[in-house]
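Descriptive structure summary
What follows is each chain in one-letter form.
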Amino acid sequence: MSDTQTEDQQPTHQEEVAGLLPTLAQLDRTATELEEKAGAGQEVTAADVSAYEQQAAHARHLVDAAGADHREVAEAEKEHRGDGDKGFATRAMDHAAHPRSFEPTPADNGRDRDRDDDEEIDL
């Protein structure tokens, strides 16, 4: 394949928008998982938060680069339902445009403290 492509080989705007769907589906799954963990009082790690923030920034960059709007993404979702739960693209676009602020669950230092209490200290 050569470095230059003819106009026929260039993806259409509609194809570019459809190409955003896997990224948006992943962002929606990550955001849903974080919201469920936070709501259930489960551990949210710094890695979980970082992955969400990176995915949101990546999705925002791709959407901006494609020049896509909410309507176009919603239409693409209707045509390509297999990428995620109904409404995933709209939810993900919202997360990309307005990322939520998730905080990692504080580490339980009580376990370390108990272990330290059993150690003898030479004076």
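Before reading further, recall that the structure is shown in the block above.
Residues numbered from 1 in each chain as written. Predicted model: local features only at pLDDT ≥ 70, side-chain atom pairs only at ≥ 80, totals over all residues. Heavy atoms only, no water.

1. Things to note about the packing of aromatic side chains
Applied cut-off: Any two rings among Phe, Tyr and Trp, with Trp reduced to its six-membered ring, count as a pair given centres within 6.5 Å; such a pair is stacked if its planes are under 30 degrees apart, edge-to-face if over 60, and tilted if neither. Every helix listed is a DSSP run of H or I at least four residues long, and every strand listed is a run of E at least two residues long, numbered separately from the N terminus. Note on classification: 1.4 Å probe, protein chains only; a residue is buried when its accessible area is under 20% of the maximum for its type, exposed when over 50%, partly exposed between these limits.
Per the counting criterion, the structure on display carries one aromatic pair. Measuring from ring centre to ring centre gives 5.1 Å for Tyr52 and Phe102, while their planes differ by 90 degrees; the resulting arrangement is edge-to-face. With a gap of 50 residues between them, Tyr52 in helix H3 (residues 46-66) and Phe102 in the loop between helix H5 (88-97) and helix H6 (110-117) connect regions that are remote in the sequence. On the accessibility criterion, Tyr52 (0% relative accessible area) is buried. Looking at Phe102, the relative accessible area reads 12%, which means it is buried.

2. Remarks on the pattern of salt bridges
Spelled out, the test is: In what follows, salt bridge is the name for a side-chain nitrogen of Lys or Arg lying within 4 Å of a carboxyl oxygen of Asp or Glu.
Considering all chains together, one arrives at five salt bridges under this definition. Lys37 is the salt-bridge partner of Asp48, the closest N and O atoms lying 3.0 Å from each other. Here the residue Asp48 occupies a position in helix H3, and Lys37 occupies one in helix H2 (residues 21-40), the gap between them amounting to eleven residues. Pair check on accessibility: Asp48 and Lys37 agree, each one buried. Note that Asp94 and Arg100 form a salt bridge whose closest N and O atoms lie 2.6 Å from each other. A residue is classified by how much of its surface remains accessible, and Arg100, at 29% relative accessible area, is partly exposed.

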